[in-house]
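# Structural characterization, general
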Amino acid sequence: MSGAADGEFSGKVALVTGAATGIGRATAFGFARAGAAVVVADIAEADGQKTVSDILAAGGKARFVQVDVADNASVENMVEKTVSWYGRLDCAHNNAGTLVQEVAIADMAEAAWDRVLSVNLKGVFLCMKHEIQQMLRQDGGGAIVNTTSVTAFRTVLNSAAYSSSKAGIVALTRIGAAENGPFGIRINAIAPAGIETPMLAKGLGEDEERKRNVAKTRVMRRLGQPEEAAEAVLWLCSPRASYITGHTLAVDGGVLAAP
Ligand SMILES: NC(=O)c1ccc[n+]([C@@H]2O[C@H](COP(=O)([O-])OP(=O)(O)OC[C@H]3O[C@@H](n4cnc5c(N)ncnc54)[C@H](O)[C@@H]3O)[C@@H](O)[C@H]2O)c1
């Protein structure tokens, strides 16, 4: 599934938020397959535990911690647990996110805005804060990858809260990279689009024809798989990307390249 070299992350500790399903689950698997000890973090306990048991069954090393990324104490606990279990934190994928049915800005309820921004943007800020503190404390620095979205760069109607939260992550990524590059911490982001996950299913509904029509609008004429997004995360966390920081990499089948 993952193209990361066998053992590329052996002896490393990786933390993945939103790892119960979708892209985060695929990243957690990819890290485990490449030899890392993985902390699977999610608000969804049953699916998160399932990611862990599937990784263990495949011969990997993983533990689950329940987290609400919008809550500072919960995020602090997630990083503390990671370090108490595995001794350090080398790689973090800040990937948890939420999508709600939005309306035009003029009609949007303040509570809907606050919910999306608190999970998607404040959540990434809190994760970065506690992860960076740990990476500064240990020898060897670390690598962080945030999950944004192509909606940070293009207009999707009725998506102001989600798109604004994702645009904020692009800035957080750049600023975090600038602040921490001198200390051996690289911070990048991936901007997915059209990856077949539970979130995409929520956005598009179960309508297969609608899915096919969306796929046709892609430069590559198909939707993407979670493993294709995970691959970019693993690469950005690996020494193969040792001179890359502050960058947002689209994993979008060419959505941003479309005429
Ligand atoms: N699928 C796509 O095409 C696509 C496109 C652009 C961006 N993204 C982003 O990718 C990321 C992963 O999404 P996905 O598509 O794999 O969907 P997904 O729904 O499978 O994964 C999202 C995960 O985040 C978890 N989560 C939600 N709120 C949380 C909270 N407060 N604390 C902790 N965990 C929480 C969910 O339980 C879930 O496991 C999200 O940030 C999403 O915005 C996805």
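Residues numbered from 1 in each chain as written. Predicted model: local features only at pLDDT ≥ 70, side-chain atom pairs only at ≥ 80, totals over all residues.

Turning to the pairing of strand E4 (residues 91–94), a few remarks are in order. One face of the sheet, then the other: side chains in a regular strand alternate in exactly this way. The side-chain alternation of E4 yields two buried faces, one formed by Cys 91 and His 93 and the other by Ala 92 and Asn 94. The pairing of strand E1 (residues 13–17) with E4 spans three bridges and is classified as parallel. Paired with Ala 14 across the bridge in E4 is Cys 91. Two elements, E4 and strand E5 (residues 142–147), share four bridges in a ladder whose sense is parallel. Paired with His 93 across the bridge in E5 is Val 145. As a crossover connection, the stretch from E4 through helix H4 (residues 110–137) into E5 is right-handed. (Buried ≥ 20, exposed ≤ 12 C-beta atoms within 10 Å, placed from the backbone. Helix = DSSP H or I, 4+ residues; strand = E, 2+ residues; numbered from the N terminus. Pairing = 2+ DSSP bridges. Right-handed = clockwise from strand over helix to strand, strands pointing away.)

The next thing to look at is the environment of Arg 154. Inspection of the secondary structure puts Arg 154 in the loop between E5 and helix H5 (160–180). Measuring from C-alpha to C-alpha, the distance between Arg 154 and Ala 167 comes to 9.9 Å, with 13 residues separating the pair along the chain.

This next bit is on the packing of helix H1 (residues 22–33) against helix H8 (residues 226–237). Direction vectors running N to C along H1 and H8 enclose 55 degrees, while the axes themselves pass 8 Å from each other. Taken together, the axes of H1 and H8 are oblique relative to one another. The way H1 lies across H8 gives a crossing that is right-handed. Of the residues in H8, those in contact with Gly 22, Ile 23, Arg 25, Ala 26, Thr 27, Gly 30 and Phe 31 of H1 are Pro 226, Glu 227, Ala 229, Ala 230, Val 233 and Leu 234. Broken down by class, the residue content of the contact of H1 with H8 amounts to eight nonpolar, three polar and two charged. (Axes fitted to C-alpha atoms, helices over the stretch in contact; angles between N-to-C directions. Parallel < 35°, antiparallel > 145°, perpendicular 65-115°, else oblique. Left-handed = near helix turned anticlockwise from the far one by under 90°. Contact = placed C-beta atoms within 7 Å. Nonpolar A, V, L, I, M, F, W, Y, C, P; charged D, E, K, R; others polar.)

On to the nonpolar core. Soluble globular proteins tend to bury their nonpolar side chains together. Residues Ala 28, Phe 31, Ala 36, Val 38 and Val 40 are the most contacted members of the largest nonpolar core, which totals 71 residues. The dominant element in this core, judged by the number of residues it contributes, is H4, at nine residues. In contact with Ala 28, other than residues within four places in its own chain, are Val 16, Ala 19, Val 38, Val 40, Thr 51, Ile 55 and Ala 62. (Core = buried A, V, L, I, M, F, W, Y, C linked by C-beta atoms within 7 Å.)

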